[in-house]
Every structure is written in structure tokens, then in C-alpha cells.
Amino acid sequence: MYQNEIFRDPKPMTPALNLEILDLRHFSAASLRPLLDAEARVWSERLQWDYRASANLLLQYLDLRVLPGYVAIEGGRIAGYIFCVYEENKAVIGDVFAAPPPGSGISREEIESRLLESLIEMLQHSPGVDRIESQLLLHPHGEHSPIFERDGFETAERLFLRLDLSGPRPAPRSVHAPAGIQMRPWRDEDFHAASHLISEAYRGHLDSHINDQYRTVAGSLRFLHNIVRFPGCGFFDPPASRVLTYPGGHGLAGLLLCSRVREDVAHVTQLCVAPQFRGKGLGRALLDACIVDVQARGFRALTLTVTKANRGAIALYEQTGFRPMHSFDAMLWERKS
């Protein structure tokens, strides 16, 4: 728990919305399970993503009563929740979801808006929190951005792309890689070199503005451990994950990480190439290798996310056959000195 946190009483509700907003830490995992089951169904329908592993991990933290956030109560019944996590002086709003009880007369959007308002107010008044990030992957672009923008957040639209693997695919393009570049599967000993590659590849990039983990080697290493060790972005899939090595050093020229988000759907969680090796087709080579592997193992789709302003990456994905399936927002707030 963040030691400087100030858990303020939420803003009073207008009489038209008969909601109570209460501290998430007062609720057990069992009491939140029906809501998380409902959310898992939405993840499956909207994104073809099996959210149950992430929900189970969240339930474990709920039972420890250490996860900051709020629960919305309508007529004595749980109608929504929101939570965040802390990383040094940063807070990350991890999720918000509501499922109003039948006949309540309150919309999902109204409940989620109230939960967001309450948590943002608390975080912005916590003296130890200097940065707030959020990427609400489940929620369509623009759905909640007015709330964030009103409270001083920057927003950036991100795209959720899907590649259909159910039919035959064209043969991978040949790539004339620089001499000595070799591709091989991911190994556990790649963590250190991969963290250096990520921090170098994203230096000055919009995505490192959205997610400050990319800015440092230590932050990139935390990102990698979250991807590889925990099921928040699916179950890491080593056979489909690749690295590019080059002679004369211990670093990496490129990296692709892939996870399984449903029994028949894989998701690219990271794809980057070192600046000195860009423009040589290596990103496409990594992507083609991943596609060949997951399709051969019976996966029916491959998905990934990309910031809409990253036109070069989007062009690569469109040339490979990825098509937009959904769009969402990334939000960022920094305390002004």
C-alpha cells in the first residue's frame, strides 16, 4: 500500500444516482466474483480474450485487502468496481467495470464515470503521486476520455488489430538481413539484454511518453517480468517469441514477445528493433516468424495493440494483414511542479 495515500471520501452523488462509492478494500473476492465473471464475458465477446486468469489474479489481491480502489453499490448490490496499483511515485488505473442491476435505471457509463471521478480525485490529492497512467483496453475510444481530459490528462488513441489465421497465408517475404543477424526463440537469460533493447528502441518515442517504464532499463525489466511471469496480458508463449542477435556483442537487434490470450488466439505483447537495424525488414521478419509458428499450432487469430499516431508500425501491420477490431484510449497525467 502506498504510504502517502489519502483515501478521501468520494464526491457526494446527485439524488438522481442512488449510488454509494465505498473503499474496495472492504470487499472480499467472493463478493466481487460475479462482477468479474460478467466482465470476463465482455472481454471474450469484444476482444476474443479469455480474461479469467487475470480475474483470478485480481481476486487473490482482493482477498489480501491491499488493492486501492472503489466499489459502487446500488440498492445494496455491487454494481461496479475500479482499482489502481502503485509503482514508486506513479499510479496506474488498472481497470473500471460496471454491470448495473436490472431495473436500476442507472447506466453502466454513469457508474463507471463516478468510479473514475472518485479514484482520479483521490490520486491527484495524494502527495506522493506525481504521475497517473491508464490504458482501459476494454473501453472504446472516447467513452471515458472527457472525464480524464477535464481533470488535466493527455489522451492518445490506440488501436487493437487482428490478423485472421483461419485460412491459408502467403509465404513469408525473404529478408536480406545484415551479416551475422540470427533469429532464435526467447530464453530466460534474455531479460537483461531485452530490457536494454526496449529502453533504447523507445527513446523519445510517443509510447515512452504514455508508459514511462520504457524510458529506463529498470522500468523495461519490470515490464518484461510482468509480461513473462504474470497472466495480465495472457500466458507467455515462448515458442512464438523471438529475438534477433548480432555478432560482436551481447545485445539484441530485435525482439518479439507473444502470449496466449485464448485457447485459439495469440497476442503480440512487444515488437521492437534497435535503431541501428531499422529499415532492413527485421520487424516484418519477426512478425512473419511468429505468424508461421502460431498458425502451425492451430491458432485462429493473432492480435496486437498500437498507438494510432505510430503510422510506420501501422503500415507494417496492415501490409501483414492485420485489420482494426477495436480502439481505446491511453491516458496520462503528471503533476506540475
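Here the structure is a predicted model, which means the values were calculated and not measured.

Q: Would you explain the pairing of strand β5 (residues 131-135) in this entry?
A: Along any regular strand, the residues point their side chains to alternate faces of the sheet. For β5, the tally of buried residues reaches four of five residues, placing the bulk of the element in the interior. In this sheet, β5 lies alongside strand β4 (residues 90-98) in parallel orientation, the contact comprising four bridges. Its bridge partner being in β5, isoleucine 93 is matched across the sheet by serine 134. Each parallel crossover has a hand, and the one from β4 via helix α3 (residues 108-124) to β5 is right-handed.

Q: Would you explain the packing of helix α5 (residues 191-201) against helix α7 (residues 217-229) in this entry?
A: Each pair of packed helices can be described by the angle between their axes along with the distance between the axes. Remark: α5 packs on α7, axes separated minimally by 8 Å, with the N-to-C direction vectors making an angle of 120°. Our classification of the angle between α5 and α7 gives oblique. Considering the relative orientation of α5 and α7, their crossing is right-handed. Of the residues in α7, those in contact with Phe191, Ala194, Ser195, His196, Ile198 and Ser199 of α5 are Val217, Ser220, Leu221, Phe223, Leu224, His225, Val228 and Arg229. Broken down by class, the residue content of the contact of α5 with α7 amounts to eight nonpolar, five polar and one charged.

Q: How do you make sense of the pattern of salt bridges when you look at a structure like this?
A: This model, assessed by the stated rule, comprises 20 salt bridges. Arginine 335 is the salt-bridge partner of aspartate 130, the closest N and O atoms lying 3.4 Å from each other. You can see aspartate 130 sitting in the loop between α3 and β5 and its partner arginine 335 sitting in the segment after β13 (323-334), a full 205 residues away along the chain. Judged by its relative accessible area of 33%, aspartate 130 is partly exposed. Using a relative accessible area of 31% as the deciding quantity, one classes arginine 335 as partly exposed.

Q: Help me out: how do you make sense of the environment of glutamine 135 in this one?
A: Position of glutamine 135 among the secondary structure elements: in strand β5. On the basis of relative accessibility, which here comes to 30%, the residue glutamine 135 falls in the partly exposed class. The spatial distance from the C-alpha of glutamine 135 to the C-alpha of leucine 332 is 9.0 Å, given a sequence separation of 197 residues. Those residues in contact with glutamine 135 that sit more than four places away from it in its chain are Ile93, Arg158, Ile210, Phe328, Asp329 and Ala330. Of note is the side chain of glutamine 135, whose polar atom sits 3.0 Å from the side chain of arginine 158.

Q: How should I be thinking about the confidence of the model for the protein chain in this particular structure?
A: Low-pLDDT stretches of the model should not have their predicted coordinates read in fine detail. Of all residues in the protein chain, 94% have pLDDT values of 70 or greater, and the mean over the chain is 92. Across residues 1-9, where pLDDT falls below 50, the model places 32 contacts with residues more than four positions away in sequence or in other chains. In the predicted structure, residues 12-16 sits below a pLDDT of 50 and forms three contacts with residues beyond four places in sequence or in another chain.

Q: Would you mind showing me how to read the state of the cysteines here?
A: In a disulfide, the sulfur atoms of two cysteines are covalently bonded to one another. Evaluation of the coordinates by the stated rule reveals zero disulfides. Free cysteine cysteine 84: the closest other cysteine sulfur is in cysteine 233, separated by 18 Å. Left without a disulfide partner, cysteine 258 is nearest to the cysteine sulfur of cysteine 290, which lies 3.9 Å away.

Q: Got a minute to help me understand the side chain of arginine 131 in this structure?
A: On the secondary structure map, arginine 131 appears in strand β5. A distance of 2.7 Å separates polar atoms of two side chains, one belonging to arginine 131 and the other to glutamate 133. There is a polar contact of 2.9 Å between the side chain of arginine 131 and the side chain of glutamate 334. Not counting the four nearest positions on each side in its chain, arginine 131 is found in contact with Asn89, Lys90, Ala91, Ser208, His209, Ile210, Asn211, Asp212, Arg215, Leu332, Trp333 and Glu334.

Q: Explanation requested: helix α1 (residues 29-47) in the structure shown.
A: Residues three or four positions apart in an α-helix share a direction because the helix packs 3.6 residues into each turn. Approximately 30° is the largest bend angle found in α1, and it occurs at leucine 35. Listing the buried residues of α1 in full gives Ala29, Leu32, Leu35, Leu36, Ala38, Glu39, Ala40, Trp43 and Leu47. Residues of α1 that are buried in the fold lie against α2 (52-64), β2 (69-74), β3 (77-87), β4, β6 (154-164) and β13.

Q: Explain the nonpolar core to me, please; I cannot follow it from the model alone.
A: For soluble globular proteins, the rule of thumb is that nonpolar side chains tend to be buried together. Counting 50 residues, the largest nonpolar core has Trp186, Leu255, Leu287, Leu302 and Tyr317 as the members making the most contacts within it. Not counting chain neighbours up to four residues away, the residues in contact with tryptophan 186 comprise Phe191, Ala194, Val228, Phe236, Pro238, Ser241, Arg242, Val243, Leu255 and Leu257. If you look at the next biggest cluster of nonpolar residues, it comprises 29 residues, including Leu32, Leu47, Ala55 and Phe97.

Q: I keep staring at the packing of aromatic side chains and nothing clicks. Help me out?
A: When we look at a pair of aromatic rings, we describe it by the centre distance and by the angle of the planes. In this structure the tally under the stated criterion is 11 aromatic pairs. Ring centres of tryptophan 186 and phenylalanine 236 lie 6.1 Å apart, and the angle between their planes is 80°; on these two criteria the pair is classed as edge-to-face. Of the two residues, tryptophan 186 sits in the loop between β7 (182-185) and α5 while phenylalanine 236 sits in strand β8 (residues 235-236), which places them 50 residues apart along the sequence. Each member of the pair tryptophan 186 and phenylalanine 236 is classed as buried. Put simply, the rings of Trp43, Trp49, Tyr51 and Phe160 touch in pairs and so form one group of aromatic residues.

What counts and what doesn't
- Residues numbered from 1 in each chain as written.
- Predicted model: local features only at pLDDT ≥ 70, side-chain atom pairs only at ≥ 80, totals over all residues.
- Heavy atoms only, no water.
- Buried < 20%, exposed > 50% of the residue type's maximum accessible area, 1.4 Å probe, protein only.
- Helix = DSSP H or I, 4+ residues; strand = E, 2+ residues; numbered from the N terminus.
- Pairing = 2+ DSSP bridges.
- Right-handed = clockwise from strand over helix to strand, strands pointing away.
- Axes fitted to C-alpha atoms, helices over the stretch in contact; angles between N-to-C directions.
- Parallel < 35°, antiparallel > 145°, perpendicular 65-115°, else oblique.
- Left-handed = near helix turned anticlockwise from the far one by under 90°.
- Contact = heavy atoms within 4.5 Å.
- Nonpolar A, V, L, I, M, F, W, Y, C, P; charged D, E, K, R; others polar.
- Salt bridge = Lys/Arg side-chain N within 4 Å of Asp/Glu carboxyl O.
- Polar contact = N/O pair within 3.5 Å; in protein donor to acceptor, adjacent residues only side chain to side chain.
- pLDDT = per-residue confidence, 0-100.
- Disulfide = S-S within 2.5 Å.
- Bend = angle between axes of the 7 residues up to and from the residue.
- Core = buried A, V, L, I, M, F, W, Y, C linked by side-chain atoms within 4.5 Å.
- Phe/Tyr/Trp six-rings, centres within 6.5 Å; stacked < 30°, edge-to-face > 60°.

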